[in-house]
Amino acid sequence: SIEVPNLITPNNDGFNDVWNLQSISGIENASISIFNRWGWEVYKSSDYQHNWDGTINGEPLTDGTYVYVIDFNDGRDPLRGTLEIFRNTQR
């Protein structure tokens with residue numbers, strides 16, 4: 001079982017501002033796609049650098065639920081799940 005972080009709070013407070021997947025073995029060879037609720041791809045990477053901050057073309061996405069697909073490209077079934085973006089947090 002692989003645990004994928006399912007929440008980012010990209011509000012520039014230095015905590016949980018990016019989707020960090022460093023704990024997932026094989027992520028460096030994976031293809032990652034993130035979709036909004038209408039099925040539009042809002043992010044894609046084949047060389048993930050653990051730096052996605054909930055933006056598309058430099059513009060912040062709205063708070064909400066997004067769907068991710070992680071394809072390890074090694075014969076394993078792709079991982080699918082949801083990711084929440086929640087910007088308006090106070091520490």
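Residues numbered from 1 in each chain as written. Predicted model: local features only at pLDDT ≥ 70, side-chain atom pairs only at ≥ 80, totals over all residues. Heavy atoms only, no water.

### What about the nonpolar core?
For step 1, the next point in the chain: The biggest cluster of nonpolar side chains holds 20 residues, and the ones touching the most others in it are W19, L21, I27, I32, I34, W52 and I70.
For step 2, the next point in the chain: Of all elements in the fold, only β2 (31-35), β3 (41-45), β6 (64-71) and β7 (79-85) reach the threshold of two or more residues within this core.
For step 3, the next point in the chain: When neighbours within four sequence positions are excluded, W52 is seen to be in contact with I8, D17, V18, W19, I34, Y43, L61, L83 and I85. (Core = buried A, V, L, I, M, F, W, Y, C linked by side-chain atoms within 4.5 Å. Buried < 20%, exposed > 50% of the residue type's maximum accessible area, 1.4 Å probe, protein only. Helix = DSSP H or I, 4+ residues; strand = E, 2+ residues; numbered from the N terminus. Contact = heavy atoms within 4.5 Å.)

### A word on the packing of aromatic side chains
For step 1, the next point in the chain: Within the structure shown, the criterion is met by 5 aromatic pairs.
For step 2, the next point in the chain: Between W19 and Y48 the ring centres are 6.1 Å apart and the planes differ by 70°, which places this aromatic pair in the edge-to-face class. Here Y48 lies in the loop between β3 and β4 (55-56) and W19 lies in the loop between β1 (7-8) and β2, a separation of 29 residues in the sequence.
For step 3, the next point in the chain: For W19, a relative accessible area of 0% puts it in the buried group.
For step 4, the next point in the chain: Using a relative accessible area of 3% as the deciding quantity, one classes Y48 as buried.
For step 5, the next point in the chain: Relative to Y68, the ring of W19 has its centre 5.4 Å away and its plane inclined at 50°; by these criteria the two rings are tilted. (Phe/Tyr/Trp six-rings, centres within 6.5 Å; stacked < 30°, edge-to-face > 60°.)

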